[in-house]
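These are the residues of each chain, in order.
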Amino acid sequence: MDPQLARVLDDLYQEGRAHDGPLADRLLRLRNMTPDAARLIALLIHVGRGTSVLEIGTSNGYSAIWFADAVRDTGGRLTTVEIDETRVAAALRNLERAGVGAHVDVVHGDGADVLAKTADGSVDLVVLDAERPAYVEYWPRLRRVLKPYGVLAVDNAVSHREQVADFRELLTAAPEFSVQLHEVGDGVLTAARVREAD
Ligand SMILES: C[S@@+](CC[C@H](N)C(=O)[O-])C[C@H]1O[C@@H](n2cnc3c(N)ncnc32)[C@H](O)[C@@H]1O
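Nothing here was measured: the structure is a model prediction, and the numbers come from that model. (Residues numbered from 1 in each chain as written. Predicted model: local features only at pLDDT ≥ 70, side-chain atom pairs only at ≥ 80, totals over all residues.)

1. Section: the packing of helix α3 (residues 62-74) against helix α4 (residues 85-97)
Thinking step 1. Relative orientation of the contacting elements α3 and α4 amounts to 45°, with a least axis distance of 9 Å. Here α4 runs oblique to α3, going by the angle between their axes. For the pair α3 and α4, the sense of crossing is right-handed. Within the contact between the two elements, α3 uses A64, I65 and A68 and α4 uses A91, N94 and L95.
Thinking step 2. Of the residues that constitute the contact of α3 with α4, the class distribution is five nonpolar, one polar and no charged. (Axes fitted to C-alpha atoms, helices over the stretch in contact; angles between N-to-C directions. Helix = DSSP H or I, 4+ residues; strand = E, 2+ residues; numbered from the N terminus. Parallel < 35°, antiparallel > 145°, perpendicular 65-115°, else oblique. Left-handed = near helix turned anticlockwise from the far one by under 90°. Contact = placed C-beta atoms within 7 Å. Nonpolar A, V, L, I, M, F, W, Y, C, P; charged D, E, K, R; others polar.)

Structure (structure tokens):
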């Protein structure tokens, strides 16, 4: 990674930690993904040559900068969805600050609605980093939009293991997906579409 971009990411991560530290209300925190988790997902974009990446839960754009840097290399595009308008504005500023804004569409809206409007078999990689109880409801749409060999990556699968347990069961029951838990950062659960459905 370009050293200047690495410095921006490092500064932003430290700013996020300082912002979140004193806040008791989880919803007020920026809750940036750990650098290790974001690095793993960026690696998946690179090795899969992913050109169509969708993130649900942008916050201030920290993880989006990692993924935008990866899609810049693959010649692709990142769409990242955030429900909070103030955070959309912060993400747009941070993506520009990192010099990757040209590779990203920041959508202000609900991830469920964006998934509903996404074409069948059109996405290489979906990142879920929003409200975990909603993921079960997302599943039919996620299953529909992922390309063959597409990957779903879910953050906080170790830190909030119980909150993703039902969703993990759904993934594991889908015969066309290979599911793995990576003990990286707060835990990244991946489900890769490796075969045709029965
Ligand atoms: C854990 S933070 C995302 C952190 C971000 N991925 C990062 O690493 O910087 C979760 C974000 O999801 C947003 N969110 C919650 N529900 C959402 C939904 N249904 N659609 C889109 N965004 C949502 C929240 O407003 C919050 O900013």
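2. Re helix α2 (residues 35-47)
Thinking step 1. The end-to-end C-alpha distance of α2 is 18 Å, a good match for the 18 Å that 13 residues give at a rise of 1.5 Å each.
Thinking step 2. Those residues of α2 lying buried are A37, A38, I41, A42, L44 and I45. Looking straight down α2, one finds its buried side chains confined to an arc of 150°; they lie on one side. Turned more than 90 degrees away from the buried face of α2, the exposed residues are L43 and V47.
Thinking step 3. On its buried side, α2 packs onto β1 (52-56), α3, β4 (123-128), β5 (146-155) and β7 (188-193).
Thinking step 4. Remark: R49 follows α2 within two positions and exhibits a positive phi of approximately 50°. (Expected span 1.5 Å × (residues − 1). Buried ≥ 20, exposed ≤ 12 C-beta atoms within 10 Å, placed from the backbone. Arc of directions from axis to C-beta.)

Nothing here speaks to function; it is all geometry.
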